[in-house]
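Here is what each chain is made of, one letter per residue.
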Amino acid sequence: MTKLLNGNKLAIEIRKEIAKIIDISIKKKKKPLPHLGIILSGTNSSSITYVNSKIQECKNIGILYSLIHLPENTTENKLIEEIEKMNQNPLIDGFIVQLPLQKYINTDNIILSINPKKDVDGFHPENFGKMSLNMKAFYPATALGILTILKKYKIKISGKHTVVIGRSRIVGRPISILMSRKNTIIGNSTVTLTHKNTKNIDFYTKKADIIITAVGIPYFLTGKMIKKGAIIIDVGITKIKKGKKFFLKGDVDFNSVYGKASYITPVPGGIGPMTRIMLIKNTVIAALNRI
Ligand code: GUN
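A quick note: this is a predicted structure, and the numbers were derived from the prediction, not measured.

(A) Here's a closer look at empty space enclosed by the protein. Going through the model one piece at a time under the given rule, you end up with 1 cavity of 30 Å³ or more. Quantified by volume, the largest cavity comes out at close to 30 Å³. Val97, Ile111, Ile114, Asp119, Asp121 and Phe123 together form the lining of the largest cavity. Of the residues in the lining of the largest cavity, the class split is 4 nonpolar, no polar and 2 charged.

(B) Representation of the environment of Ser46 in the model. Mapped onto the elements, Ser46 comes out in helix α2 (residues 45-61). Ser46 gets classed as partly exposed once you look at its relative accessible area, which sits at 32%. Separated by 13 residues in the primary sequence, Ser46 and Leu33 place their C-alpha atoms 28 Å from one another.

(C) Layout of the sheet that holds strand β3 (residues 64-70). Pairing is parallel in the open sheet, where 3 strands are placed in the order β3-β2-β4. The open sheet has two free edges, formed respectively by β3 and β4 (94-97), since each of these has just one partner strand. Neighbour to neighbour, the strand axes of the sheet diverge by 15 degrees on average, direction disregarded. The pairing of strand β2 (residues 35-41) with β3 spans 7 bridges and is parallel. Opposite Gly37, over in β3, you have Ser66 as the bridge partner.

(D) Examining the layout of surface pockets more closely. Counted as a void, the largest pocket has a volume near 1200 Å³. In terms of lining residues, the largest pocket is bounded by 40 residues, among which Tyr50, Ser168, Ile170, Val171 and Ala214 are the most central. Mapped by element, the contributors of at least two residues to the lining of the largest pocket are α2, α6 (141-152) and α10 (271-290). Of the residues that constitute the lining of the largest pocket, the class distribution is 19 nonpolar, 14 polar and 7 charged. As for the second largest pocket, its lining consists of 31 residues, of which Ala137, Phe138, Tyr139, Asn282 and Ile285 are closest to the centre. Mapped by element, the contributors of at least two residues to the lining of the second largest pocket are α5 (125-132), α6 and α10. Of the residues forming the lining of the second largest pocket, the biggest block, 7 residues, is contributed by α10. The class makeup of the residues in the lining of the second largest pocket is 13 nonpolar, 7 polar and 11 charged.

(E) Molecular detail of the sheet that holds strand β6 (residues 190-194). Strand order in this open sheet of 6 strands is β1-β11-β8-β7-β5-β6, and the pairing throughout is parallel. Across the chains shown, the open sheet's two edge strands, defined by having one partner strand only, are β1 (3-4) and β6. Summarising the sheet, strand β8 (residues 231-234) and strand β11 (residues 263-264) pair through 2 bridges and their orientation is parallel. Following the sheet pairing, Ile231 is matched in β11 by Tyr263. Lying over the sheet, helix α7 (residues 172-180) contacts β5 (161-165), β6 and β7 (210-213), oriented at roughly 165 degrees with respect to β6.

(F) Fine view of the pairing of β4. Of the two faces of β4, the one lined by Gly94 and Ile96 and the one lined by Phe95 and Val97 are each fully buried. The pairing of β2 with β4 spans 4 bridges and is classified as parallel. Within the sheet, the bridge partner assigned to Ile39 lies in β4 and is Val97.

(G) The site of the ligand, seen in detail. Around the ligand sit Lys54, Val97, Gln98, Leu99, Asp121, Phe123 and Ile170, and that is every residue in its neighbourhood. Note that a nitrogen atom of the ligand is positioned 3.1 Å from one of the side-chain N or O atoms of Gln98. A distance of 2.8 Å is found between a nitrogen atom of the ligand and a backbone nitrogen or oxygen belonging to Leu99. Across the complex, the protein chains shield 89% of the 280 Å² of accessible surface that the ligand would expose by itself.

(H) Broad picture of the pattern of salt bridges. Enumeration over the complete set of coordinates arrives at 11 salt bridges. Of the charged contacts in the structure, one is a salt bridge between Glu13 and Lys152, with a shortest N-O distance of 3.1 Å. Of this pair, Glu13 sits in helix α1 (residues 7-27) while Lys152 sits in helix α6; the two residues are 139 residues apart in sequence, bridging distant segments of the chain. Look at Glu13 and you get partly exposed, because its relative accessible area is 30%.

Cut-offs used in this document
- Residues numbered from 1 in each chain as written.
- Predicted model: local features only at pLDDT ≥ 70, side-chain atom pairs only at ≥ 80, totals over all residues.
- Heavy atoms only, no water.
- 1 Å grid on protein atoms, 1.4 Å probe; cavity = no way out; pocket = protein on both sides within 12 Å on 5 of 7 lines; lining within 4 Å.
- Points joined across faces, edges and corners; volume = space filled by probe spheres on them.
- Nonpolar A, V, L, I, M, F, W, Y, C, P; charged D, E, K, R; others polar.
- Helix = DSSP H or I, 4+ residues; strand = E, 2+ residues; numbered from the N terminus.
- Buried < 20%, exposed > 50% of the residue type's maximum accessible area, 1.4 Å probe, protein only.
- Pairing = 2+ DSSP bridges.
- Axes fitted to C-alpha atoms, helices over the stretch in contact; angles between N-to-C directions.
- Contact = heavy atoms within 4.5 Å.
- Near = heavy atom within 4 Å.
- Polar contact = N/O pair within 3.5 Å; in protein donor to acceptor, adjacent residues only side chain to side chain.
- Areas by Shrake-Rupley, 256 points an atom, 1.4 Å probe, with all protein chains shown as cover.
- Salt bridge = Lys/Arg side-chain N within 4 Å of Asp/Glu carboxyl O.

Honestly, that's just the spatial picture; any functional story needs more than this.
Shown next as structure tokens:
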């Protein structure tokens, strides 16, 4: 039987824990509430959806947020100007620049402009490098969400073979590093990082104990590509139009995997809510560092 890894339920539990910390360490001490900045550049409809759900999470937990929404034709300089304002603004504890950016904008330049102390996405090389070396830093929210859900469901990853599909800075690269780090509770996995240029990808996926897929291609991972009892973490979210309605689809062909996998994260309700709550957690940590 396949069990669902319920991200919605776990995110609610974590939300309560974070709300308690805010209450005791911030509200009772009459300190300013944690404040997340969000910079959204352009009109990518998936990015707008993601940002709206991050704002909703701020509202749910009762922290402050400021959204800067720049038009589609924004220049790289204008974006860096807005980042500099967030860097300098003492009221903003941490902020993110929603990705992807317009093609003509150099994402590396943008990320390098963010003050690492406010980089609650954990994408700046200072945080990313520290994460790679197992040092304290802001870690990317999706990777944290995956580790947290695996830990909550007591899924042992030490010594297991994990296959990651996709090498983005947002998911694939950080999670491959964190799954293989030296840590008996949530690490010590043997990781194979696969991507667009990997030939015969099912050669690897069929051998995997854990598969983490983040390619954004609906129905990409099918039952035939996995071994019996595999643990499937589906990070892909693609908006699909059926008639007049939109649906969210993961990378996994859920019906063909269901029954063969031992655990799977559903889409929606798996890694999405975990990512959002981990971003809030990072923001609260940034606020506590300020205090
Ligand atoms: N685009 C998709 N996921 C993310 C994320 O976690 N952070 C940012 N900044 N952009 C994203």
